[in-house]
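Close look at the chain arrangement
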Amino acid sequence: MAVERYHQTLPRPHTEQDPAQGTRKASRVVGLKKFETLVYLMLFALIAAVAVYVLSLKMEAYSLQTEKTQVESEIAVMEGEIGELKTEVTDLASYDRIYEKANELGLDLDNGNVKVAEKYGKD
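All residue numbers here refer to positions counted from 1 along the written sequence of the relevant chain. The predicted nature of this model means local features are confined to residues of pLDDT at least 70 and side-chain atom pairs, given and counted, to a pLDDT of 80 or more, with totals for whole chains, interfaces and linings taken over all residues. Heavy atoms throughout the structure, all of them, feed into the side-chain values; hydrogens and water do not.

1. A word on the pattern of salt bridges
Close approach of charged atoms allows side chains of opposite charge to pair. Heads up, the rule is: Any carboxyl oxygen of Asp or Glu that lies within 4 Å of a side-chain nitrogen of Lys or Arg is treated as forming a salt bridge with it. A run of H or I in DSSP counts as a helix once it spans at least four residues, and a run of E counts as a strand once it spans at least two, with each numbered from the N terminus. Relative accessibility decides the category of a residue: with a 1.4 Å probe and only protein chains considered, values under 20% of the type maximum give buried, values over 50% give exposed, and everything between is partly exposed.
Scanning the entire structure with this criterion turns up one salt bridge. Across the salt bridge formed by Glu104 and Lys101, the nearest N and O atoms sit 3.9 Å from each other. On the criterion of helical spacing, the pair formed by Glu104 and Lys101 is a turn pair, its members being three residues apart in helix 2 (residues 95–104). Residue classification places Glu104 among the exposed residues on the basis of a relative accessible area of 60%. A relative accessible area of 39% places Lys101 in the partly exposed class.

This is the structure we're talking about:
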């Protein structure tokens, strides 16, 4: 964008002259204009804003993934506890256990007094 012009004076025959006349001089003719500078600054600001936005989205996604993993592990623990409790309920509701407890309390089995009840709810 910036254009530089070099001015060169042609060497003259060697005479008594000022030594500074035969050197090159660099002068800047065209520089960045205010509009171009503004456009570049706005472009830089836009790129920086997009980068910050993308990083914030990545951080949010990471935190949500961490939270999801934590909830899934809690669900696995609860499912394990539920399985253990179902096993315990099945063991406590077994016929043999109920018969033993009845005998401990002094109850006798009389087939005329036995009634079959359906289990409330479905598994």
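2. As for a negative patch on the surface
Operational definition: Residues with no salt bridge and a relative accessible area higher than 30% make up the patches, which join like charges within 9 Å and nonpolar side chains (Val, Leu, Ile, Met, Phe, Trp, Tyr) within 5 Å. Under the convention used here, a 1.4 Å probe and the Shrake-Rupley method define accessible areas, while residue burial counts only the protein chains that appear. His residues and chain termini do not enter the charge count, which takes Lys and Arg as positive and Asp and Glu as negative. For the purpose of locating charges, the reference atoms are NZ of Lys, CZ of Arg, CG of Asp and CD of Glu.
Taken together, the side chains of Glu81, Glu84, Glu88 and Asp91 define an acidic patch exposed on the protein surface. Here Glu84 is to be found in helix 1 (residues 34–92).

3. Considerations on the environment of Ser73
Worth spelling out the cut-off: What qualifies as a polar contact is a pair of N or O atoms within 3.5 Å, subject to a donor-acceptor requirement within protein and to the restriction that residues adjacent in sequence count only when both atoms come from side chains.
Secondary-structure assignment places Ser73 in helix 1. A polar contact is formed between the side chain of Ser73 and the backbone oxygen of Gln70, at a distance of 2.7 Å.

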